[in-house]
Amino acid sequence: MTSLVQPASLDEIRGGVLIAGGTEVVPQLADGLLETEALVDITGLLPRGIVGTTIGAGTTLAELESSSEVPEALREACRLAASPQLRAMGTIGGNLLQSTRCWYWRLRYPCFLHGGDECHARTGEHREHAFFGNGLCASAHPSDPAAALLALGATLRTDRRELPLAELYRLPDEEDRRLTTLEAGEVLLELDVPAPDASVYLKAMDRKRFSFPLVGVAAARAGEVTRVALAGAAPVPWLLEGGLDEATPLPGTAYKVEVAEALVSRALATIASG
Ligand SMILES: Cc1cc2nc3c(=O)[nH]c(=O)nc-3n(C[C@H](O)[C@H](O)[C@H](O)COP(=O)(O)OP(=O)(O)OC[C@H]3O[C@@H](n4cnc5c(N)ncnc54)[C@H](O)[C@@H]3O)c2cc1C
Ligand code: SF4
C-alpha cells in the first residue's frame, strides 16, 4: 500500500516519490509504471509564484499563462499545453520532469528506456516520435514549456545546485537510461527566466486544443543572441544549434521535419519584427 507523507521541510524527505500537482504521478501509479511505499507531497515546500525573472517550481501552468510578467514564449507554451483542468493542477516543475508519452513505454513494453535491448518504436509505430537524437530511444519530449524555457536561456535552482535548463536533460546511453540528471530526492525549487527582447512559441498538434506537441518551436531574441528550441523532436527538449538538415528522421517522422521548417521560419520572422 502507498502512504502519503507531507514533510515539514526538505531535510525531512526520506525516499519515496515526490508529488506536486500529481497529474503525471497519479496516472503512472494507476498504470503500474510507478511503484512506491510513500508519496511525498512537496506542494507546501515549493516556492510558488512569479517575482521578476524568478518562477517558483510550484507555480501552476495556469498561473504562468495568465501572468504579464512571463515572457510570451513561455506564456503561450503553457496556454497550449494540456487542458484547463490539468493546467490548474500541474506545476511547472512537474511539467519539466514528466515522462515520455511513447505508447510502448506507457504500455510497459520491455524497450530500451525500460532497460531492454531494443527500441520498439524505431521498428514499429512512430509517427509521434523523434527526428533528432533518436539513435537508441526515439521518444519525443512532450513538454511545451521546456522548449520555451530552453530558447529563453532559463536556469534552474534545486536544493543541491544551480544549472542551465539544458543540463537537466541527457540522452540515454547503454550504461544509463535516464533522460534527466536529477538525483534521487533532488527537488527543483526555482527557475530564473531572463527577459528577452522578443519571443514566441508555435505548436503543431493533431487537434487545436488538448494535444501533445507533434512539433513545438520556441524562439527567443535577446540582444544579438537568437535561440530556437524544439518540443516533440527528440527524447529531450532540443536546442536547434545546427540546421534542420542535420535531422535524423525515421520513415514515419520525416513529415515532422517539414513541419518544423515551416514553424521555425515563421517563428524567426515573428521575433525579428517583435
Ligand atoms: C492528458 C494530459 C495531457 C497533457 N498535455 C500536455 C501538453 O500538451 N503539453 C505539455 O507540456 N504537457 C502536457 N501534459 C503534462 C502536464 O503538463 C504535466 O502532467 C504537469 O505539468 C505535471 O505537473 P504536476 O505538478 O502535476 O507533476 P507531478 O505529477 O506531481 O510530478 C511529475 C514528475 O515530476 C516530479 N516532480 C514534481 N515536482 C517536482 C519538483 N519540484 N522537484 C523534483 N521533482 C518533482 C515527480 O516526482 C514526478 O516524477 C499533459 C498531461 C496529461 C495527463
Ligand atoms: S522510443 Fe524510447 S520509450 Fe519508446 S519504445 Fe523506443 S526506447 Fe522505449
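Structural data are supplied above this passage.
An account of the accompanying structure is given in this report. This one's a predicted model, so the numbers in the text were calculated from it and none came from an experiment.

## Overview of the nonpolar core
- One finds L96 and L149 to be the most contacted residues of the largest nonpolar core, which totals 51 residues.
- Contributing elements (two or more residues each) for this core: α2 (61-65), α3 (72-79), α5 (92-96), α6 (103-106), α8 (144-151), β8 (188-192), β10 (215-222) and β11 (225-231).
- For this core, the element with the most residues is α8, which contributes six residues.
- Filtering out sequence-adjacent residues up to four positions away, L149 remains in contact with L74, I92, L96, A154, L165, L191 and V193.

## What to know about the site of ligand 2
- With respect to spatial proximity, 13 residues lie near ligand 2, and among them C102, C111, C119, C137 and S139 are the closest.
- The pocket occupied by ligand 2, as judged from atoms lying within 2 Å of grid points, is the largest cavity.
- Those elements that place two or more of their residues in the shell around ligand 2 are α6 and α7 (120-123).

## Details of the layout of surface pockets
- In this structure, the second largest pocket occupies an estimated 260 Å³ of space.
- Around the second largest pocket, the lining is made up of 17 residues, and of these R101, W103, E128, F212 and P213 lie nearest the centre.
- Class assignment of the residues belonging to the lining of the second largest pocket gives a composition of seven nonpolar, six polar and four charged.

## Describing the site of ligand 1
- For ligand 1, the set of nearby residues contains 32 residues, the closest of which are L18, A20, T23, T91 and D144.
- In this structure, a nitrogen atom belonging to ligand 1 sits 2.7 Å away from a side-chain N or O atom of D144.
- Between a nitrogen atom of ligand 1 and a main-chain N or O atom of L188, the distance comes to 2.8 Å.
- About the coverage of ligand 1: the protein hides 91% of its 970 Å² of free accessible area.
- Broken down by secondary-structure element, the contributors of at least two residues to the shell around ligand 1 are β2 (17-19), α5 and α8.

## Considerations on the environment of R178
- Within the secondary structure layout, R178 lies in the loop between β7 (162-164) and β8.
- In this structure R178 comes out as partly exposed when scored by relative accessible area, which is 41%.
- For R178, the contacting residues outside a window of four places in its chain are R170, L171 and P172.

## Topic: the sheet that holds β7
- With respect to topology, five strands assemble into an open sheet ordered β4-β5-β8-β6-β7, the strand pairing being antiparallel. At either end of the open sheet lies a strand with only one pairing partner, and these are β4 (50-51) and β7.
- Sheet topology note: the strand β6 (residues 155-158)/β7 ladder contains three bridges and is antiparallel. Along β7, the bridge assignment pairs R157 with E162.

## What about helix α9 (residues 254-273)?
- The end-to-end C-alpha distance of α9 is 30 Å, a good match for the 28 Å that 20 residues give at a rise of 1.5 Å each.
- Buried residues in α9 make contact with β9 (198-204), β10 and β11.

Conventions and cut-offs
Along each chain, numbering runs from 1 in the same order as the chain's sequence is written. Each chain takes a letter, starting from A, and each ligand takes a number, starting from 1, following the order in which they are written. Where totals are concerned, whole chains, interfaces and linings use all residues; where local detail is concerned, this predicted model gives features only for residues with pLDDT of at least 70, and gives and counts side-chain atom pairs only at 80 or more. Where side-chain values are given, they derive from all heavy atoms of the structure, hydrogens and water being excluded. The set of buried Ala, Val, Leu, Ile, Met, Phe, Trp, Tyr and Cys residues whose side-chain atoms join them within 4.5 Å is what this entry labels a nonpolar core. Exposure is judged per residue with a 1.4 Å probe applied to protein chains only, and the accessible area is read against the type maximum: over 50% gives exposed, under 20% gives buried, and values in between give partly exposed. Elements are defined by DSSP. Helices are runs of H or I of four residues or more, strands are runs of E of two residues or more, and each kind is numbered from the N terminus. The contact definition used throughout considers only heavy atoms, calling two residues in contact when any of these lie within 4.5 Å. We call a residue near a molecule or strand whenever a single non-hydrogen atom of that residue lies within 4 Å of it. Lining residues are those with an atom within 4 Å of a point, where the points come from a 1 Å grid over the protein atoms alone and group into cavities, where a 1.4 Å probe fits but cannot get out, or pockets, open sets with protein on both sides within 12 Å along at least five of seven lines. Any molecule with more than half of its atoms within 2 Å of a cavity's or pocket's grid points is regarded as sitting in that cavity or pocket. Grid points are joined across faces, edges and corners, and a volume is the space filled by probe spheres set on the points. All residues other than Ala, Val, Leu, Ile, Met, Phe, Trp, Tyr, Cys, Pro, Asp, Glu, Lys and Arg, Gly among them, are scored as polar; the first ten of these are nonpolar and the last four charged. Polar contact is the term for a pair of N or O atoms within 3.5 Å; when the atoms are in protein, one must be able to donate a hydrogen and the other to accept it, and sequence-neighboring residues count only if both atoms are side-chain atoms. Using the Shrake-Rupley algorithm and a 1.4 Å probe, accessible areas are obtained, with residue cover drawn only from the displayed protein chains. A strand pair is defined by DSSP finding two or more bridges across the two strands. Expected helix span is computed as 1.5 Å times (number of residues minus one).

Worth remembering: the numbers are spatial, not functional.
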